[in-house]
Amino acid sequence: VQLVESGGGLVQPGGSLRLSCAASGFTFSRYVMRWYRQAPRKERELVAAITGAGDTTDYAEAVKGRFTISRDNAKNTVYLQMNSLKPEDTAVYYCNAWRTSITNYWGQGTQVTVSS
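Here the residue numbering is sequential within each chain, running from 1 through the sequence in written order. For this predicted model, a pLDDT threshold of at least 70 governs which residues receive local features, and a threshold of 80 or more governs which side-chain atom pairs are given and counted, while totals over whole chains, interfaces and linings are taken from all residues. Hydrogens are left out, water is left out, and the side-chain values use all remaining heavy atoms of the structure.

Right, let's talk about the pairing of strand β4 (residues 32-38) for a bit. Taken residue by residue, a regular strand's side chains alternate between the two faces of the sheet. The buried label goes to any residue with under 20% of its type's maximum accessible area, the exposed label to any with over 50%, and the partly exposed label to all in between, with areas taken from a 1.4 Å probe on protein chains only. Per the convention used, a helix needs a DSSP run of H or I reaching at least four residues, while a strand needs a run of E reaching at least two, with both numbered from the N terminus. Of all seven residues that make up β4, five are buried, and the element is covered over most of its length. Note: β4 against strand β9 (residues 91-98), seven bridges, orientation antiparallel. Residue pairing across strands places Val32 opposite Trp98, the latter belonging to β9. Strand direction decides the pairing type here: β4 and strand β5 (residues 45-50), joined by five bridges, are antiparallel. What sits directly across from Met33, in β5, is Ile50. Two strands pair if DSSP finds at least two bridges between them.

Now the structure itself:
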């Protein structure tokens, strides 16, 4: 099982980034996919989630209206489009694949820094 995030980087406030998470080693379409983030000295928090079919999404209040989660089951990839970024969005962003408490996988994370 492998989850590989990409797309992080340094962006100015108000800017945009698109994170990608490429999955392999499991039946991607059967898994809920989630993006989490962890800022320095803070606990990891759920940012967004999408069902296996991609028909239902959910977002943390802090990112509603700015972030969009999507997935392409043909490419085994989940995305997080982040617009109107703020300094408080600075964190390491992690991709998570969940089906049961046993089949719960994590990527290595990608750094997002929002700063002028």
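A few words on the sheet that holds strand β7 (residues 67-72). Taking strand neighbours across the sheet as the criterion, the four strands line up as β1-β3-β8-β7 in an open arrangement whose pairing is antiparallel. Of all the strands in the sheet, just β1 (2-6) and β7 have a single pairing partner and so form its edges. Along the sheet, successive strands turn relative to each other by an average axial angle of 15°, direction set aside. For every element, the axis is a line fit to its C-alpha atoms; helices are fit only across the contacting stretch, and the angle between N-to-C directions ranges from 0 to 180 degrees.

Our next topic: the state of the cysteines. Any two cysteine sulfur atoms within 2.5 Å of one another count as a disulfide. Overall, the coordinates contain one disulfide when judged by the stated rule. Disulfide pairing is shown between Cys21 and Cys95; the S-S distance is 2.1 Å. Between Cys21 and Cys95, the disulfide has an S-S torsion of -80° and is therefore left-handed. Highlighted residues: Cys21 in strand β3 (residues 17-24) and Cys95 in strand β9, separated in sequence by 74 residues. Side by side, Cys21 and Cys95 carry an identical accessibility label, which is buried.

Here the focus is the packing of aromatic side chains. Pairing of aromatic rings covers Phe, Tyr and Trp, the last counted by its six-membered ring, and requires centre-to-centre distances within 6.5 Å; plane angles under 30 degrees mean stacked, over 60 mean edge-to-face, and any other angle means tilted. Summed over the entire model, instances satisfying the criterion amount to five aromatic pairs. Members of the aromatic cluster, each reached through a chain of ring pairs, are Phe26, Phe28, Tyr31 and Tyr105. Sitting over the face of the ring of Trp106, Arg44 holds its NZ or CZ atom 4.7 Å from the ring centroid. The criterion for a charge sitting over a ring is simple: Lys NZ or Arg CZ within 6 Å of the ring centre, and within 35 degrees of the ring normal.

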